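The lines below spell out each chain.
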Amino acid sequence: MKIPEVIAKLVHQRWVMLAALLLLVGLIYVIAQKILGPKVAVQVVAIEDVVQTIVASGHVEAPRRVDIGSQITGTVASIPVAEGQSVKAQQILVALEDSEAKALVAQAKAAVAQAEARLRQISELGLPTAEQALNQAQFNRANVAKQWARTKELQNKGFLGQAALDDAQKNLDIADSQTRTARLQVDTNRKTGSDYLVATTALAQAEASLNMTLAKLNYTTIEAPVAGILIARNVERGDVVQPGKALMVLSPGGDTQLVVKIDERNLAGLKLGEQALAAADAFPNQRFSAEIAYINPSIDVLRGSVEVKLNVPAPPAYLRQDMTVSVDIEVARRAQVLVLATDAIHDSASAAPWVMKIVDGHAKRIPIKIGVRGGDKVEILDGLVAGDQIIKTIVATAIEGTRLRGQMKESAKSATNTTTATSADNTAKK
């Protein structure tokens, strides 16, 4: 036989042997699949810390935001501040046209001066004059009374007739009337008298009118009630402003709060003082601490949510009013407990959750009891132990009793080894 024919025959035999070997391997694989069952993705029960959080979004807000407005109707004369500016308490924010208010103040001051002059006139002139008139009337009445007595005596002796006595009586009556009038004039000019009280009332009314006009004049200057930052401005020079309209919004310096809306289903897990981590959407990698300070006692019917406010004890420098933030509120924490991934639990939201566990190479349905839920992990309270292999729910539901083999990723295997070691350590300690 020629050499080329020999080589061709050897190559042919090699390919036949390789094909036979591949056929044998395939046959072994099929037999193994039948005996051992197919491989399925599994999750391993581990021992880890679980933190249950409620995630919500909201915004930054000052707890005592102040709306700045006008108390009178007027025209804006000047605005000496700008939006975003820091202002001090009592600093002028808006000045209104004040010429009319100043004229009313001048008029009211004149009325007060007139009322004061009238009161001084009564005290310094009216009363002394009335007292002098009373003294004169009393002296005159005494003389007339003496004349009446002499006339009466002469008439009794027959020296004068009845007409003379009647004239004397008439003069006495006139003197009595003049005396009473003078005494009444003195009484009305005293501090308890009607004229004095009328003058005092007129002065009080004039002073009240002056105070009112001064208040209106003060209202033409709108000042900052407290120190803070102007976060909004809705007015320009020349605008006609009216009471009830917010011209500016002032954010007082001091505390910073986060206002979020949380689904009412999570209300049972909220309590004052609970800690949270927050991050602004503009700076997602820079998280800061917050604490629940207020839980609204009422529920938003339309949204089914409750408003929650959190204090920020150390707000970062980049935080701004009305900035959008995300908040993770810690509502429960469990240290070193049995943990399983949520994608391995069936009916986790029901009262009877269960898992499909690999037991002696077969799938077996196991009822479990779950506790705290933390992200993609759930605390296992009963039914499983560390190291158990649980079939993921994303895999086609295994029929109970089916032969299966668990398959984990390398990272999962490392985690399992670590968890098993931790479990062993805990067991040793116990």
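Procedures and definitions
Residues numbered from 1 in each chain as written. Predicted model: local features only at pLDDT ≥ 70, side-chain atom pairs only at ≥ 80, totals over all residues. Heavy atoms only, no water. Helix = DSSP H or I, 4+ residues; strand = E, 2+ residues; numbered from the N terminus. Buried < 20%, exposed > 50% of the residue type's maximum accessible area, 1.4 Å probe, protein only. Contact = heavy atoms within 4.5 Å. Areas by Shrake-Rupley, 256 points an atom, 1.4 Å probe, with all protein chains shown as cover. Patch = residues over 30% accessible without salt bridge, like charges linked within 9 Å, V, L, I, M, F, W, Y side chains within 5 Å. Salt bridge = Lys/Arg side-chain N within 4 Å of Asp/Glu carboxyl O. Pairing = 2+ DSSP bridges. Core = buried A, V, L, I, M, F, W, Y, C linked by side-chain atoms within 4.5 Å. pLDDT = per-residue confidence, 0-100. Axes fitted to C-alpha atoms, helices over the stretch in contact; angles between N-to-C directions. Parallel < 35°, antiparallel > 145°, perpendicular 65-115°, else oblique. Nonpolar A, V, L, I, M, F, W, Y, C, P; charged D, E, K, R; others polar. Phe/Tyr/Trp six-rings, centres within 6.5 Å; stacked < 30°, edge-to-face > 60°.

*Asks:* Would you mind showing me how to read the overall build of the chain here?
*Replies:* What the chain contains, in helices and strands, is five helices and 21 strands. Going through the 430 residues of the chain one by one, you find that 32% of them count as buried. Considering only contacts in the chain between residues 6 or more positions apart, those separated by 24 or more positions represent 74%. Of the accessible surface of the chain, which amounts to about 26400 Å², a share of 55% is contributed by carbon and sulfur atoms.

*Asks:* Where do I start with a nonpolar patch on the surface in this structure?
*Replies:* Taken together, the side chains of L18, L21 and L22 make up a nonpolar region of the molecular surface, amounting to roughly 290 Å² of accessible area. Inspection of the secondary structure puts L22 in helix α1 (residues 3-36). On the basis of relative accessible area, L22 is assigned to the exposed category, the value being 56%.

*Asks:* When you look at the pairing of strand β17 (residues 362-367) in this model, what are you seeing that I'm missing?
*Replies:* Each regular strand carries side chains that alternate between the two faces of the sheet. Relative to β17, strand β16 (residues 354-359) runs antiparallel, the two sharing six bridges. Within the sheet, the bridge partner assigned to K357 lies in β17 and is K364. Connecting β16 to the next strand, β17, in antiparallel fashion are two residues, including D360 with a positive phi near 55 degrees.

*Asks:* Explain the nonpolar core to me, please; I cannot follow it from the model alone.
*Replies:* One recurring pattern in soluble globular proteins: nonpolar side chains tend to sit buried together. With 23 residues, the main nonpolar core has L258, I262, L270, V308, L310, V327 and I329 as its most contacted residues. Broken down by secondary-structure element, the contributors of at least two residues to this core are β2 (46-61), β11 (257-263), β12 (275-280), β13 (288-295), β14 (305-311) and β15 (324-341). Apart from residues no more than four positions distant in its own chain, L310 is found in contact with T256, Q257, L258, V260, A276, A290, E291, I292, A293, V327 and I329. Among the nonpolar cores identified, the runner-up in size contains 17 residues, and I68, I72, V87 and L93 belong to it.

*Asks:* Teacher, can you tell me more about unusual backbone geometry here?
*Replies:* Residues apart from glycine generally show negative phi values, whereas peptide bonds are mostly found in trans. Of note, the phi angle at Q90 is positive, near 75 degrees, even though the residue is not glycine. Take Q90: it is sitting in the loop between β5 (86-87) and β6 (92-96). The phi angle at D322 is positive, at roughly 65 degrees, despite the residue not being glycine. With respect to the secondary-structure elements, D322 resides in the loop between β14 and β15. For D322, a relative accessible area of 44% puts it in the partly exposed group.

*Asks:* Would you take a moment to explain the confidence of the model for the chain for this structure?
*Replies:* Here the chain shows a mean pLDDT of 80. Residues at 70 or above account for 84%. Of all the helices and strands in the chain, helix α5 (residues 410-429) carries the lowest mean pLDDT, 37, while β6 carries the highest, 93. In this model residues 410-430 is a low-confidence stretch, pLDDT under 50, and it forms eleven contacts with partners more than four residues away in sequence or in other chains.

*Asks:* Would you explain the packing of helix α3 (residues 162-189) against helix α4 (residues 194-219) in this entry?
*Replies:* Working note: a packed helix pair is described by the angle between its axes plus the distance between those axes. Put simply, α3 and α4 touch, their axes get as near as 4 Å, and they point 30 degrees apart. Put simply, α3 runs roughly parallel to α4. Residues Q185, T188 and N189 of α3 pack against S194, D195 and Y196 of α4. Residues that form the contact of α3 with α4 fall into these classes: one nonpolar, four polar and one charged.

*Asks:* Sorry, what's going on with the sheet that holds strand β4 (residues 74-78) here?
*Replies:* The strand order across the open sheet built from four strands is β7-β6-β4-β9, with neighbouring strands paired in antiparallel fashion. Lying at the two open borders of the sheet, with one neighbouring strand each, are β7 (221-223) and β9 (240-241). Note: β4 against β9, two bridges, orientation antiparallel. Looking across to β9, one finds that G74 is bridged to V241.

*Asks:* What should I look at first to understand the packing of aromatic side chains in this one?
*Replies:* Each aromatic ring pair is summarised here by two numbers: the centre-to-centre distance and the angle between the ring planes. Tallied over the full model, the rule gives one aromatic pair. For the ring pair F283 and Y318, a centre distance of 4.2 Å and an interplane angle of 35 degrees mean the geometry is tilted. Of the two residues, F283 is situated in the loop between β12 and β13 and Y318 in the loop between β14 and β15; the sequence distance between them amounts to 35 residues. In this structure F283 comes out as partly exposed when scored by relative accessible area, which is 30%.

*Asks:* Can you help me understand the sheet that holds strand β10 (residues 246-252) in this one?
*Replies:* Strands in a sheet are paired, the pairing made by backbone hydrogen bonds, and the direction either parallel or antiparallel. Read from one edge to the other, the open sheet built from four strands follows the order β3-β10-β8-β5, with strand pairing classed as antiparallel. Bordering the open sheet on either side are β3 (66-69) and β5, each of which pairs with just one other strand. Two strands pair when backbone bridges link them, and strand β8 (residues 228-233) and β10 are joined in this way by five bridges, in the antiparallel orientation. Bridging from a neighbouring strand, G228 pairs with P252 of β10.

*Asks:* Mind showing me how you'd approach the pairing of β11 here?
*Replies:* Within β11, five of the seven residues are buried, leaving the element largely enclosed by the surrounding structure. Both β2 and β11 contribute to a ladder of four bridges, which runs antiparallel. Note that in β11 the partner of V60 across the bridge is L258. Judged from the seven bridges that link them, β11 and β14 form a sheet pairing that is antiparallel. Residue D263 lies in a different strand from β14, and its bridge partner there is S305.

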